[in-house]
Amino acid sequence: MDFGEVKEGSVRVRTAEGAFYNPHMEFSRDISSLAVAALDGMLPDGERLRICDGMSATGVRGIRYALENKNVEAVTFVDMDKAACELVEANAKSNGLQDFAAFSGPQFRVVEDDINHHLYRGGEKFNFVELDPFGSPVPFIRSALLNLRASKHGFLSATATDTAVLCGAHQKACLINYQAKPLHTFFCHEAAVRILAGHIVRVAAPLHIGIRPLMLLSKRHYVKGIFEAKKSASAALDSMNNLGYVSFCPKCLTVKTMNKPFLSPVCAECGAGADGSTAPIWGGPMWLGELHDSGVIDRMRKANSERQYKNRVEIANMLMLMKGEIGMPAFYYDVHSVADHFKRMPKPFDRIVSELQDKGFAVARTHFNELALKTDAPASTVRDAVNA
Ligand SMILES: C[S@@+](CC[C@H](N)C(=O)[O-])C[C@H]1O[C@@H](n2cnc3c(N)ncnc32)[C@H](O)[C@@H]1O
Ligand SMILES: [Zn+2]
């Protein structure tokens, strides 16, 4: 059954029974298309993107990448569902994409196949792979990286909708899927993107691929990362050296990151663990390096200001917050959680920020949570600044 036409970004696509289309993911597609634009500065001279839209459904994502960005040479749409492939074919044509036999304009091809199979055996070398599955991208990461390795340098865009797993609501599932221990705390959304990134780094390292996140985002029910993948043993080692663990004291709320898997049985700040209260807990391994690349965020902001996306104001705000996250410590304090923990009321947000800044600490807001702040202040100082 045909569900009619939708307009998104600069494309119009038909949606139909059997091809998944989620209007709430338009924001995610906007962000990803902006990220594609921002890769301009990172491609060797004259090189353009050969994109695999790995789970294309209606094709809206890949069609937008091709039509909204000059740096896209071709898009191969892969979906294992026959009805989806037929729809992609029609949508790509109606939006002016040309099939591989044509000579000009962004080219496309539709492949009905399992994405792992196509990435391993499809005979195509991509320098950008999009993974947008139902749930976790984990089963597809290795084949995406093996494909990118053939191009020596490329980009991986991966979305995960199993956020409950990554945020620690299902700890065992996170251990087996991502081989990392999650933390079900107020900063779990940042831990979630860092666990996803850390997993990709560990799959890539034995393939001698270095991974660097260019943008890591958490929103609604999904997390998303755009990663640079570089074939090089030393880049793989650099990436591995950015992995580590986080500890969290459930009594005084101290958060610490560490590269070695050492957890003191007693909190050095408040003595929790030795005084009958619960000892610090830990999570990881996870990515502890920067969340975003500054140049990529700048170029995304510029592209957003030049486009007429209906989400452009919200996107501008999110990219501004992301820019502020660069250079700040990992993780954040949610002011309501802090106040609740100490059974107090929080002061107004701006006052908390200025009190910390007046004491000489760095403070930034974060896209992970609009009522949270990143700071280099110790937990006890944050507590005093938050509690009214
Ligand atoms: C979440 S939807 C993709 C949405 C789409 N990328 C968008 O932005 O609108 C997931 C799609 O992946 C396809 N799919 C699931 N497993 C697959 C696999 N192993 N190989 C290829 N396609 C797969 C499904 O048929 C479905 O169309
Ligand atoms: Zn403590």
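Worth saying up front: this structure is predicted, and the values here are computed from it rather than measured.

## What to know about the domain arrangement of the protein chain
(1) Moving on: For the protein chain, the assigned domains read domain 1 (2–243 + 292–306) and domain 2 (332–388).
(2) Moving on: Taking only C-alpha atoms, the centre of domain 1 and the centre of domain 2 are 34 Å apart.
(3) Moving on: Contacts between the two partners involve 6 residues from domain 1, matched on the other side by 6 residues from domain 2.
(4) Moving on: Of all the secondary-structure elements, those providing two or more residues to the side of domain 1 that touches domain 2 are α8 (188–204) and β9 (209–219).
(5) Moving on: Looking at side-chain class alone, the side of domain 1 that touches domain 2 contains 3 nonpolar, 2 polar and 1 charged residues.

## Some remarks on the packing of helix α1 (residues 26–38) against helix α2 (residues 60–68)
(1) Moving on: Orientation of α1 relative to α2, taken along the N-to-C sense of each, is 40 degrees, at an axis distance of 9 Å. Here α1 is positioned oblique relative to α2, judged by the angle of their axes. Judged by the sense of rotation from one axis to the other, the crossing of α1 with α2 is right-handed. Where α1 abuts α2, its residues Arg29, Ser32, Ser33 and Val36 lie against Val60, Arg61, Arg64, Tyr65 and Glu68.
(2) Moving on: The residue inventory of the contact of α1 with α2, partitioned by class, reads 3 nonpolar, 2 polar and 4 charged.

## What about the sheet that holds strand β13 (residues 281–287)?
(1) Moving on: As summarised here, the arrangement of the 3 strands in space is β12-β11-β13, forming an open sheet in which the pairing is antiparallel. Every other strand in the sheet has two partners, leaving β12 (255–258) and β13 as the edge strands with one partner each. Averaged over neighbouring strand pairs, the angle between their axes works out to 25 degrees when direction is ignored.
(2) Moving on: Where strand β11 (residues 243–248) and β12 come together, 4 bridges link them in antiparallel fashion. Each residue of the ladder has a partner; that of Val246, found in β12, is Thr257.

## Remarks on the pairing of strand β15 (residues 363–366)
(1) Moving on: The sheet contact formed by β15 and strand β16 (residues 369–375) spans 4 bridges and is antiparallel. Bridging across to β16, Val363 finds its partner in Thr375.
(2) Moving on: From the end of β15 to the start of β16, which pair antiparallel, there are 2 residues.

## Topic: unusual backbone geometry
(1) Moving on: Of note, the amide linkage connecting Gly284 to Pro285 takes the cis form, showing an omega dihedral of 0 degrees.
(2) Moving on: Residue position: Pro285 is located in strand β13.
(3) Moving on: A positive phi angle is found at Ala57, which is not glycine, with a value near 55 degrees.
(4) Moving on: Looking at the secondary structure, you find Ala57 in the loop between β3 (49–53) and α2.
(5) Moving on: For Lys343, which is not glycine, the phi dihedral falls at a positive 55 degrees.
(6) Moving on: Relative to the assigned elements, Lys343 resides in the loop between α12 (335–341) and α13 (349–358).

Cut-off values and rules
Residues numbered from 1 in each chain as written. Chains lettered and ligands numbered in written order. Predicted model: local features only at pLDDT ≥ 70, side-chain atom pairs only at ≥ 80, totals over all residues. Domains from an automatic or database assignment. Contact = placed C-beta atoms within 7 Å. Helix = DSSP H or I, 4+ residues; strand = E, 2+ residues; numbered from the N terminus. Nonpolar A, V, L, I, M, F, W, Y, C, P; charged D, E, K, R; others polar. Axes fitted to C-alpha atoms, helices over the stretch in contact; angles between N-to-C directions. Parallel < 35°, antiparallel > 145°, perpendicular 65-115°, else oblique. Left-handed = near helix turned anticlockwise from the far one by under 90°. Pairing = 2+ DSSP bridges.

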